[in-house]
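Here is how the chains run, residue by residue.
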Amino acid sequence: NDGDRGGKRGREATIRWGARSDTGRVRLKNEDSVHADGDVCIVADGMGGHLAGEVASALAVSTIVEKCSGGVASLDQFGEAVREANRRVISESGADPNREGMGTTVVAVARMSDPDNPRLALANVGDSRAYLSDSSGIRQLSKDHSLVQELVDDGIIGPEDARHHPRRNIVTRALGIDPDVAIDLWELALPMGSRILLCSD
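Residues numbered from 1 in each chain as written. Predicted model: local features only at pLDDT ≥ 70, side-chain atom pairs only at ≥ 80, totals over all residues. Heavy atoms only, no water.

The next subject is the sheet that holds strand β9 (residues 184-189). The five strands lie next to each other as β3-β4-β5-β6-β9, forming an open sheet whose pairing is antiparallel. Looking at which strands have only one partner, the edges of the open sheet turn out to be β3 (32-36) and β9. Pairs of neighbouring strands in the sheet enclose a mean axial angle of 10°, with direction left out of account. The sheet contact formed by strand β4 (residues 40-47) and strand β5 (residues 103-111) spans eight bridges and is antiparallel. Residue pairing for β5: D45 is matched across the bridge by T105. Across the face of the sheet, helix α1 (residues 52-67) comes into contact with β3, β4 and β5 while running at roughly 160° to β4. Contacts from helix α2 (residues 75-95) reach β5, β6 (119-125) and β9 within the one sheet, and its direction differs from that of β6 by about 30°. (Pairing = 2+ DSSP bridges. Helix = DSSP H or I, 4+ residues; strand = E, 2+ residues; numbered from the N terminus. Axes fitted to C-alpha atoms, helices over the stretch in contact; angles between N-to-C directions. Contact = heavy atoms within 4.5 Å.)

This is how it looks when you write it as structure tokens:
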């Protein structure tokens, strides 16, 4: 579908957003979940049989949205929202045998609630990505938590080989797998005219 579009004006900047989902050319149905409202934007890519991945991604997105509904005052608060999403996916997985082992990647951005210092909080677990596009070009902000990224980091394969590697779909971190999952968290200034892209693999 064409997703949603909207805009929100803060004291310092106007933020516009859009969202789109596409099943691609391989599967009949994707297991991604997306949320965008100008304050919080999230992409989660689920995994697991019997539609469990779809459940995991939707649960992660709804939890993060709920935990950020009053605004995001700190990076710690944003990280706690992602940790709560992890706990809920694990709990749901354990409660239903058909959903055992389900998980989801997540990449999310939230506007920090300080109008005098406009900036974004970003979070990443797995291989869904965040990119920044500005006057200097496009660059990847997040780092994949995946087997092929580890191979690149160790110098075993080159970055150009990672796109076609036979094990490129293996993630080393995801929500729903490890109760103490490590979350990449960072802040980013919000320069005028820049764009943030969140996407699944």
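Having seen it, we continue.
With that out of the way, let us pick up the sheet that holds strand β10 (residues 195-199). The antiparallel open sheet is built from three strands, whose spatial order is β8-β7-β10. Of all the strands in the sheet, just β8 (137-140) and β10 have a single pairing partner and so form its edges. Going from strand to strand, the sheet's axes swing by 20° on average, the running direction of each strand aside. As paired strands, strand β7 (residues 129-134) and β8 are joined by four bridges and run antiparallel to one another. When the bridges of β8 are listed, Y131 appears paired with Q140.

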